[in-house]
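This is what each chain is made of:
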Amino acid sequence: MKYGIWILCLVIVAGCETRPDAVKTLEKLRTADWDIWREAGYDLALMGDNTVPFLIQTLTNESREARWHACYFLRNSYPDSRALPTLTEVFLHDTDEYVRSTAAYAIADIDTAYARTLMIQAVDTEANEITQNIAVEVLSHLGDKRVIPMLVTRLGTPETRMDAAFALGAFKDKRAIPILLNILDEKALDRSFREKAVAALARIGDPQTLPILVNLIDSRFADNVVMELPQFGASVVAPLLEKFARNASPEIRASIARVLRNIHVPELAPLYGQIYLETDAYELQDAISYALQNMGAEGFKSLVKVAKQKTDQRALGTLSTYNSEAAVDVVATLALDKSYPIRLIAIETLGRFGQLWKAQISTYLPRLLADEDPMVQLNTLNLIKQLKIVEMRPALQKLTGTMNQNIANAAHTVLAVLSSGAAPLKLEIETEQPRYNYGERIALSYRITNISTHTIKISPVPEILFLDRVEIRQPDGTLVRFRGPQVNSAPPRAADYHTLKAGSTLTHTVSLSTFHWLDQVGRYTIQPSTHIWADGLRFGFMAWTGILTGPEVHFDIESPSVDEVNRMLALMEAELEKEEHRIEAFRILHQLGELRLTKAIPLLKKLASDPKRNSALRESALNALAKFTAPNLTPFWIQMLNRSHISQTLAMKALSANGDARAHEPLRRIAFREGSDTAALALQQLGDDSAVEWLTALAQRKLRHWNGKQRKKGAVTLRRLQPSNTQMQRQNVLTDPLFYVNNYTPSLISDWEAIADEAATHPGLKTLLAHAHPMIQHAAAYELTYLGDASGIHLITPDLNANDVQTRMEAREALLRVNTQ
């Protein structure tokens, strides 16, 4: 081949729109420096329609780096069939092996069918060993089974046997096993090679390798083994249980349990049930109960046996995941059995069956309400309230006159809930004053009043839980973040309750300022909300429980004085790295950002740019600066584009918000050079759609890629770049490209945009019920239930009795959405 700069001139004469930059672009492609040749990605974008011709010409350049980079960009950024003839020449005849390999993969990405034919021909006709090796490697990655005999042949060559064994492992070919075992035994080999050998052995799934793999579950290869062992099915259970019994290590026992959890062979259900009865190991019980829930009818039988014999709360609870009369009858019968030790848990489990089975549950309620045990009665009242079984009102009315005051009060409460759905309690709040000085403590009083006609026992509301639930909206419309510790709201003890007679009130005062940074100036809105337990008895039982909300209230915060502002700035000028200043410094940075004080900008820029400062403080300063919409900050934000990921993200957000034209070029450079969807979206906000359109086209092509990881990358990019076109509030799965990637079939990927467009409307979803692909019909049926439409319910009903628990529960929820039984 003859090479020369005249080729580049031909491109320029042909009409390249960026003639002054073409030579510079080629020079960038000719360098091995990462930062320099990656910069060529931006230059290529500017060429528009001339980009692909330019890259095709560069494939014949005398520079090895230029040819490799041209292959790279044709594969990753500009996959175009016009490049196939020249890429084929490069693959077959280039002087550099790495360039040839990259060209081969570029061909596979551009046209997979053409690549398969080309690679087979290369293996059959090419004497060149390099060409054959590359072709075999590409065919292996493409999953073309025609390559298997070639791989087997390469097992006999020392230079190729390792790669051939890994490739054969992907095809589950047992002939790779001896080589893979040798790799595993080679302690001197890099760990990554041995991990690949473990994964390949497990994927092949030969019973002869099972003892070896089971022993590796306590090695550094445990994650690979745990992932692949379930495919051995029943044969792996016995050796794993033996190892579990002999090993006390929590990590190893947890790994074994993870494998057993994912073996869902129905024939194993009796064995799993017996293991559950005989073991007290929590991790084993948890794994087996989950596996049994995914073994259909056989799993159900074993869980019933366990629930009866072991009186186990976990096993009893799992029965509520079955959508059958038999499951309800079993649990209800246990609830009625006075000798059953966990009757109260059985009543609670009845509630988990939900509204779908309340008619059948109702048939057992009169007997439960007539039980001699008051706790059984009270738990049954709670069940009636939970399922809103209004047919039980006459029975509840009778209970209001019972001698047991706790039961009478609970019956009153449940009747009130069934009658109006309203809480028997009222929540009101008020601030101490309507206006506050900046930084002043803000106190809030709340009152909980019993508005029913009977006495209620109510739990106190801890201050921190009240503050965690209260919603405070700032003057700019954003919500104030709660900055207190996370506390679990466990039910209180019986001794914690207060007695509220009808019409009486419980009052408490809390400080809003303790865990909320109220640093903006202007009007705030408070929407109160708190979790209440009422009618409390032992063990924190509640007959009424729920979220109380009250009317919103407002207060104003005045601007800080000049002295207060100067104090903030003075502190920030001080030494911020000292531990005693750090927390206060974070707060002041937040205040400076919320106040948008122009005089604070120089100080914030200085802190954000100082590499010697604490990284968290620098980030806080950047966050404060991002609050400003100031064009004079544009040069600063452009500098931040070349800093850390956090700095770059904040800079893009600020530049798009400022709307400064000077940001256009730097953002375009990042978007096209790095394929940054964040930069592309920022550009779009500035009125430039070019990067979004370019990345969208690439992502759409990736959805059709032969490699699953690439398809997923394409889907994720499309989700970020494409706003939802659905007419519904909920983003449904049929408009999400990830759905088509996770349920990959070539025909669906080809039609996904048309299907998504149709799924974006209610009438379109109904049309999809008749789609040729059952999976689309099924998904459309589920999506329609979110609109209260039962048109596809006939497609969902069979799922109620599916083997796997997730499908059963999704079907139950779908039927409840359309109130269908």
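To start, this report covers the structure provided alongside it. Quantities reported herein were computed from a predicted structural model and do not represent experimental measurements.

1. Concerning the overall build of the protein
So, point 1. Secondary structure assignment for the protein yields 45 helices and 11 strands.
So, point 2. Along the longest, intermediate and shortest principal axes, the C-alpha atoms of the protein span 105 × 80 × 55 Å.
So, point 3. Looking at the 821 residues of the protein, the share that counts as buried comes to 52%.
So, point 4. Counting only contacts in the protein whose residues sit at least 6 apart along the sequence, the fraction spanning at least 24 positions is 63%.
So, point 5. With an accessible surface of roughly 38100 Å², the protein has 51% of that area assigned to carbon and sulfur atoms.

2. Side note on the pairing of strand β11 (residues 553-557)
Along any regular strand, the residues point their side chains to alternate faces of the sheet.
So, point 1. Across the five residues of β11, four count as buried, placing the element largely inside the fold.
So, point 2. Where strand β2 (residues 435-436) lies against β11, two bridges are found, and the strand directions are parallel. For tyrosine 436, the partnering residue across the bridge sits in β11 and is isoleucine 557.
So, point 3. As paired elements, strand β8 (residues 522-527) and β11 share five bridges and run antiparallel to each other. Bridging across to β11, tyrosine 524 finds its partner in phenylalanine 555.

3. Some words on the sheet that holds β2
So, point 1. Taken together, four strands build an open sheet; the order of strands is β2-β11-β8-β5 and the sheet is mixed. Each edge of the sheet is formed by a strand with only one pairing partner; in this case those strands are β2 and β5 (471-473).

4. Considerations on the pairing of β8
So, point 1. Pairing analysis gives three bridges linking β5 to β8, with the strands arranged antiparallel. Pairing of arginine 473 across the sheet is with threonine 525, part of β8.

5. Let's talk about the packing of aromatic side chains
So, point 1. If you walk through the whole model with that rule in mind, you get 16 aromatic pairs.
So, point 2. Taken together, a centroid distance of 6.0 Å and an interplanar angle of 80° make the contact between tryptophan 37 and phenylalanine 73 edge-to-face. With tryptophan 37 in helix α3 (residues 34-46) and phenylalanine 73 in helix α5 (residues 64-76), this residue pair connects regions lying 36 residues apart in the sequence.
So, point 3. Residue phenylalanine 73 is classed as buried on the basis of its relative accessible area, which comes to 2%.
So, point 4. Through pairs of rings, three or more aromatic residues link up here, namely Trp34, Trp37, Trp68, Tyr72, Phe73 and Tyr98.
So, point 5. Over the ring of tryptophan 517 we find arginine 483; its NZ or CZ atom is 3.7 Å from the centre of that ring.

6. Here's the deal with the sheet that holds strand β1 (residues 425-431)
So, point 1. The strand order across the open sheet built from three strands is β1-β3-β7, with neighbouring strands paired in antiparallel fashion. Edge positions in the sheet fall to β1 and β7 (505-511), since each of these pairs with one other strand and no more. Neighbour-to-neighbour, the strand axes of the sheet open up by a mean angle of 20°, direction not taken into account.

7. Digging into the pattern of salt bridges
So, point 1. By the definition in use, this model includes 42 salt bridges.
So, point 2. Put simply, arginine 30 and glutamate 62 hold a salt bridge, and the shortest N to O gap is 2.8 Å. Of this pair, arginine 30 sits in the loop between α2 (19-29) and α3 while glutamate 62 sits in the loop between α4 (51-58) and α5, placing them 32 residues apart in sequence.
So, point 3. Here aspartate 789 ties to lysine 766 by a salt bridge, and the two come within 3.9 Å at their closest N and O atoms. One end of the pair, aspartate 789, is in the loop between α43 (774-785) and α44 (793-796); the other, lysine 766, is in helix α42 (residues 762-768), with 23 residues separating them in the sequence.
So, point 4. We classify aspartate 789 as buried; its relative accessible area is 10%.
So, point 5. Bridged by salt links that share partners, the residues Glu39, Glu665, Arg669, Arg673 and Glu674 form one connected network.

8. Looking at the environment of leucine 784
So, point 1. Counting through the fold element by element, leucine 784 comes out in helix α43.
So, point 2. For the pair leucine 784 and glycine 317, spaced 467 residues apart in the sequence, the C-alpha separation amounts to 30 Å.
So, point 3. Once residues lying within four places of it in the same chain are set aside, the contact partners of leucine 784 are His762, Leu765, Lys766, Leu769, Asp789 and Ser791.

9. Quick word on the packing of helix α36 (residues 664-674) against helix α38 (residues 690-702)
So, point 1. Where α36 meets α38, the closest approach of the two axes is 10 Å, and the angle between their N-to-C directions is 10°. Relative to α38, the element α36 is oriented roughly parallel. Residues Arg668, Ala671 and Phe672 of α36 pack against Ser690, Ala691 and Trp694 of α38.
So, point 2. Taken together, the residues of the contact of α36 with α38 break down into four nonpolar, one polar and one charged.

Cut-off values and rules
- Residues numbered from 1 in each chain as written.
- Predicted model: local features only at pLDDT ≥ 70, side-chain atom pairs only at ≥ 80, totals over all residues.
- Heavy atoms only, no water.
- Helix = DSSP H or I, 4+ residues; strand = E, 2+ residues; numbered from the N terminus.
- Buried < 20%, exposed > 50% of the residue type's maximum accessible area, 1.4 Å probe, protein only.
- Contact = heavy atoms within 4.5 Å.
- Areas by Shrake-Rupley, 256 points an atom, 1.4 Å probe, with all protein chains shown as cover.
- Pairing = 2+ DSSP bridges.
- Phe/Tyr/Trp six-rings, centres within 6.5 Å; stacked < 30°, edge-to-face > 60°.
- Lys NZ or Arg CZ within 6 Å of the ring centre and 35° of its normal.
- Axes fitted to C-alpha atoms, helices over the stretch in contact; angles between N-to-C directions.
- Salt bridge = Lys/Arg side-chain N within 4 Å of Asp/Glu carboxyl O.
- Parallel < 35°, antiparallel > 145°, perpendicular 65-115°, else oblique.
- Nonpolar A, V, L, I, M, F, W, Y, C, P; charged D, E, K, R; others polar.

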